[in-house]
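Descriptive structure summary
Below, each chain spelled out in residue letters.
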Amino acid sequence: MSDGGTAAGPDGMPRCPWGLSTEDYIAYHDTEWGRPVHGDDALFERLCLEAFQSGLSWITILRRREGFRRAFDEFKIASVAEFTEADRERLLADEGIIRNRAKIDATLANARELAGWAPGELDTLIWSYAPDPAKRPAPTTVADVPAVTDESTALAKELKKKGLRFIGPTTAYALMQACGLVDDHLAGCFAREARP
């Protein structure tokens, strides 16, 4: 559709238009994006990947996700918190990930910070910023989807206050979208109707 609303996919199902550009996006859109994610390690992974995505396209990260998982030991907070300087050098040389020094350093620092949190604390904190879905009408076009919200700004501020790095309001909102704190599938998108 030219109005920025849903568009039919190869199977005829209506989808958000961004989810149709590649097979990788179709699979991600249909089965992951906007679905609730819980668990400290799972949320740490998403937080890290959204930070690595900053300034890049999401498809770049999506296509390297398995490389990221291998490089960062499946994003197990306790394990990444123990990474040494040798691990850091290994990461900086790993062609399977984005070799950005600042983003790698932030990931390692964040893991060390989170390792001191109580189990479930990251999950509880992030989900405490989920807005009331009843107050969020389904967007009808891509222009209706914000890049930043009051909740994402507050979440980023709280995460920074607690010592986490490389997370701003836009990254926090992308995290909220990816992890199902908000449902930004367009009205009429089959994935919105299929969301648990």
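Since this is a predicted model, take the numbers as computed values, not measurements.

1. Let's talk about the UniProt feature "binding site: Zn(2+)" (unreviewed entry) in the protein
Feature annotation in UniProt places "binding site: Zn(2+)" (unreviewed entry) on Cys16, His29, His185 and Cys189, given in this structure's numbering. Across 174 residues in sequence, these annotated residues keep their C-alpha atoms within 10.2 Å of one another, forming a single compact spot. On the secondary structure map, His29 appears in helix 1 (residues 23-31). In this view, His29 contacts Arg15, Cys16, Trp18, Gly19, His185, Cys189 and Ala191; residues no more than four positions away in its chain are not counted. When you line up the elements, Cys189 lands in the loop between helix 10 (169-178) and helix 11 (190-194). Residue Cys189 is classed as buried on the basis of its relative accessible area of 0%.

2. As for the nonpolar core
Ranked by size, the top nonpolar core spans 47 residues in total, and within it Phe44, Phe68, Phe72, Leu91, Leu122, Leu155 and Leu159 carry the most contacts. For this core, the element with the most residues is helix 2 (residues 40-53), which contributes six residues.

3. Thoughts on helix 6 (residues 85-93)
Among the residues of helix 6, those classed as buried are Arg88, Leu91 and Leu92. The buried residues of helix 6 occupy one face: seen down the axis, they fall within an arc of 100 degrees. With respect to the buried face of helix 6, the exposed residues turned more than 90 degrees away are Ala86 and Ala93. Residues of helix 6 that are buried make contact with helix 4 (65-71) and helix 7 (101-114). Two or three places before Ala86, at the opening of helix 6, Thr84 has a side-chain oxygen 3.2 Å from that residue's backbone nitrogen.

What counts, and where the lines are drawn
- Per chain, residue numbering runs from 1 following the sequence as it is written.
- Residues qualify for local features only when their pLDDT is at least 70, as the model is predicted, and side-chain atom pairs are given and counted only at 80 or more; totals for whole chains, interfaces and linings, by contrast, use all residues.
- In computing side-chain values, all of the structure's heavy atoms are included and hydrogens and water are not.
- UniProt positions are given in the numbering used here, feature names are shortened, and annotations may be inferred rather than shown by experiment.
- We count a stretch as a helix when DSSP gives it H or I for four or more residues in a row; a strand needs E for two or more, and each element gets its number in order from the N terminus.
- Working rule for contacts: check all heavy atoms of both residues, and any pair within 4.5 Å makes them a contact.
- Exposure categories follow from relative accessible area, calculated using a 1.4 Å probe and restricted to protein chains: below 20% of the type maximum is buried, above 50% is exposed, and the middle band is partly exposed.
- Each nonpolar core is a collection of buried residues, namely Ala, Val, Leu, Ile, Met, Phe, Trp, Tyr and Cys, held together in the definition by side-chain atoms within 4.5 Å.
- The arc under discussion is defined with respect to the helix axis, by the directions toward the C-beta atoms.
- Two N or O atoms count as a polar contact when they lie within 3.5 Å, although within protein this holds only if one can serve as hydrogen donor and the other as acceptor, and sequence-adjacent residues are included solely when both atoms are side-chain atoms.

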